[in-house]
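Listed here are the chains, written in short residue letters.
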Amino acid sequence: MSEANVAAVRGMWEAFLRNDFETALAAFAPDVEWDGTNLPDGKISRGLDAVVDHATRWAEMWESWEVELEDVIDAGQDRVIASIRERGRSKAGLDVNERHSELYVMRDGRIVYRKGFSDPDEALVEVGLR
């Protein structure tokens, strides 16, 4: 199941990066819990609307924005960690080139929980891999 979970998260990211938002959103369970508390205005919310709201608000902050999926790994116990690099310039004039990670918990091939980490190593610590 771990290879399938990694493939599901990778597929979600690949769909998102090619602007296939319908396919990307289909990777999430309808009752997904979205933990965005790593961001200054972040919160924990539920449902597909939470995923869309987060992605929309985040994308609207950028004058230019580039996202690269660097790695997706099996973290055991139906958990997957994705490492992402973001580069760009915010509308507020801040240049960004940072790497962060996201932890996903899977159930029946779909994402049921997502938590963002501003420090990519924190996800590894969270799951006991570091």
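As the structure is a prediction and not an experimental result, all values here were calculated from the model.

Criteria and thresholds
Residues numbered from 1 in each chain as written. Predicted model: local features only at pLDDT ≥ 70, side-chain atom pairs only at ≥ 80, totals over all residues. Heavy atoms only, no water. Helix = DSSP H or I, 4+ residues; strand = E, 2+ residues; numbered from the N terminus. Salt bridge = Lys/Arg side-chain N within 4 Å of Asp/Glu carboxyl O. Buried < 20%, exposed > 50% of the residue type's maximum accessible area, 1.4 Å probe, protein only. Phe/Tyr/Trp six-rings, centres within 6.5 Å; stacked < 30°, edge-to-face > 60°.

(A) Quick look at unusual backbone geometry. The backbone of Asn19 shows a phi angle near 65 degrees, a positive value even though the residue is not glycine. Note that Asn19 resides in the loop between α1 (2–17) and α2 (21–26). A positive phi angle is found at Gln77, which is not glycine, with a value near 55 degrees. The topology assignment puts Gln77 in the loop between β3 (62–76) and β4 (79–90).

(B) Molecular detail of the pattern of salt bridges. Enumeration over the complete set of coordinates arrives at 12 salt bridges. Among the salt bridges present, the one from Arg57 reaches Asp53, with a minimum N-O distance of 3.0 Å. Note that Arg57 and Asp53 are positioned in helix α3 (residues 48–60) at a spacing of four residues, about one turn of the helix. Residue classification places Arg57 among the partly exposed positions, given a relative accessible area of 31%. Glu102 serves as the salt-bridge partner of Arg114, at 2.8 Å between the closest nitrogen and oxygen. Separated by 12 residues along the polypeptide, Arg114 in strand β6 (residues 110–117) and Glu102 in strand β5 (residues 95–107) bring together distant segments of the chain. Overall, Arg114 belongs to the buried group, its relative accessible area being 3%. Among the charged side chains, a network of salt bridges with common partners joins Glu66, Glu68 and Arg87.

(C) Highlighting the packing of aromatic side chains. By the definition in use, this model includes five aromatic pairs. Considering the side-chain rings of Trp13 and Phe16, the 5.6 Å spacing of their centres and the 85 degrees angle between planes classify their relative orientation as edge-to-face. Highlighted residues: Trp13 and Phe16, both in helix α1, separated by three residues, approximately one helical turn. With centroids separated by 5.7 Å and ring planes inclined at 70 degrees, the aromatic side chains of Trp58 and Trp62 adopt a geometry described as edge-to-face. Each member of the aromatic cluster is reached from another via a ring pair, and the members are Trp13, Phe16 and Phe21.

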